[in-house]
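Structural description and commentary
Single-letter residue listing:
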Amino acid sequence: MPGLRFFVEHDEQRIFDDSEYEAVGCTLVENNSWPTAPPTATIIGLKELQESTDPLPHTHIQFAHCYKNQAGWSSVLARFHRGGGTLYDLEFLNDASGRRVAAFGFHAGFAGAAAGALALSSQQKGKKLGHLQPFENEDAMVATVKQLLGGSGKGVKALVIGALGRCGRGAVDLFRKIGLAEDDILKWDLDETAKGGPFSEILDVDIFVNCIYLNSQIPSFITRDQIIGAGPQRKLSVVVDVSCDTTNPFNPIPIYTINTTFAEPTVAVDVGAQNPALSVISIDHLPTLLPREASEQFSMDLLPSLLEFPNRQTARVWTDAKKLFEEKMAAAAVAEGLA
Ligand SMILES: NC(=O)c1ccc[n+]([C@@H]2O[C@H](COP(=O)([O-])OP(=O)(O)OC[C@H]3O[C@@H](n4cnc5c(N)ncnc54)[C@H](O)[C@@H]3O)[C@@H](O)[C@H]2O)c1
């Protein structure tokens, strides 16, 4: 983009080498040096900033996870209020028809389903799923999962809720690719959950993957009482909560309270010693299991909007996002007593 300069922080963890950025004209700078960038710089990052009360004077483009009353939402926005900065939240950049311009959904669902299948295979061997490492690519992921399931996922039964969405389609795709029979992949969306939970059908599959986009209070899909009540016959072994509304007061899967990590991918649900084990995967950065493909797809989808960013005072995708930010920040200012 003419007239724009791009600085990229050095990062040992990243799947892309520094040289790949240099090759396209970016300047490499020190890791975590963004707070000292000139005030006119726009900071593009992906996930939440580290917790702090420091004022934020810059313009940020990121997933801040603070618009849906998540834990700590108002203190994050208060940092922008105090610093005079602006947040353009990537989760709320929409096209003219209201669809998100870019989302990681497909690879999140794909990777979440893979992690669920890996947890099932460990559990069947009486073990706990160990440290997850990012895969080089999708083929490597599929091959590993199949191998650990003894050559194929045939015979495994899965239920995906939110199956028509991005994450849901990714989860279904993974299950197909590892060899589950089509009839063994139950695909639910709004029609199937309209009757209201909890749903006993969830107890009759090996892996339940939740991929819904939660935007209102709904009855729980599954409860601990229901799981314990199912006794030793329960088939359900692994729950993958791709949606990860862990701290949302309306989380429809109220059987766990923490987000799990690559180092500790599963958390056990206390279901009583007499009952079969049940573990939950609630990793909120699942696309990092397939970092290159997930990043390339997201970037391709975001690029047309980014190209409009220099005209953000008039370009609808950016003016809408700014308006939403201002509304949320005003609510946060009231909540934090800053108004
Ligand atoms: N864990 C992660 O790493 C990760 C990564 C990306 C996205 N996500 C999260 O996954 C969720 C889904 O994202 P998406 O991009 O797939 O959204 P999406 O809008 O593409 O799809 C959501 C689907 O859920 C369905 N749905 C909504 N409410 C439902 C209900 N009550 N019952 C049944 N179906 C319902 C919708 O009809 C839709 O088909 C979001 O909360 C997103 O933040 C998590």
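Conventions and cut-offs
- Residues numbered from 1 in each chain as written.
- Predicted model: local features only at pLDDT ≥ 70, side-chain atom pairs only at ≥ 80, totals over all residues.
- Heavy atoms only, no water.
- UniProt positions renumbered as here; feature names shortened; annotations may be inferred.
- Salt bridge = Lys/Arg side-chain N within 4 Å of Asp/Glu carboxyl O.
- Helix = DSSP H or I, 4+ residues; strand = E, 2+ residues; numbered from the N terminus.
- Buried < 20%, exposed > 50% of the residue type's maximum accessible area, 1.4 Å probe, protein only.
- Pairing = 2+ DSSP bridges.
- Axes fitted to C-alpha atoms, helices over the stretch in contact; angles between N-to-C directions.

An unreviewed UniProt entry annotates the protein as Saccharopine dehydrogenase [NAD(+), L-lysine-forming] of Mycena venus. The heading Subunit (unreviewed entry) in the UniProt record of the protein holds the text "Monomer." Of the comments in the UniProt record for the protein, the one headed Sequence similarities (unreviewed entry) reads "Belongs to the AlaDH/PNT family."

Concerning the pattern of salt bridges
Per the stated rule, a full pass over the model turns up 14 salt bridges. Ionic pairing is found between Asp206 and Lys235, a salt bridge with its closest N-O pair at 3.7 Å. One end of the pair, Asp206, is in the loop between helix H6 (190-193) and strand E8 (207-210); the other, Lys235, is in the loop between helix H7 (224-229) and strand E9 (238-241), and 29 residues separate them in sequence. Asp206 sits in the buried class, given a relative accessible area of 9%. The class for Lys235 is partly exposed, based on a relative accessible area of 35%. Residue Arg224 pairs with Asp270 through a salt bridge whose shortest N-O separation is 3.6 Å. Placement of the pair is Arg224 in helix H7 and Asp270 in the loop between strand E10 (267-268) and strand E11 (279-281), with a sequence separation of 46 residues. What makes Arg224 partly exposed here is its relative accessible area of 34%. Residue Asp270 is classed as exposed on the basis of its relative accessible area, which comes to 53%.

Remarks on the sheet that holds strand E4 (residues 59-62)
An order of E3-E4-E5 is seen for the 3 strands of this open sheet, with the pairing classed as parallel. Edge strands, defined here as strands with exactly one partner in the open sheet, are strand E3 (42-44) and strand E5 (86-89). For this sheet, the mean inter-axis angle between neighbouring strands, taken without regard to orientation, is 20°. As defined by bridge partners, E4 adjoins E5 across 4 bridges and the pair is classed as parallel. Among the inter-strand pairings, Gln62 is bridged to a residue of E5, identified as Asp89.

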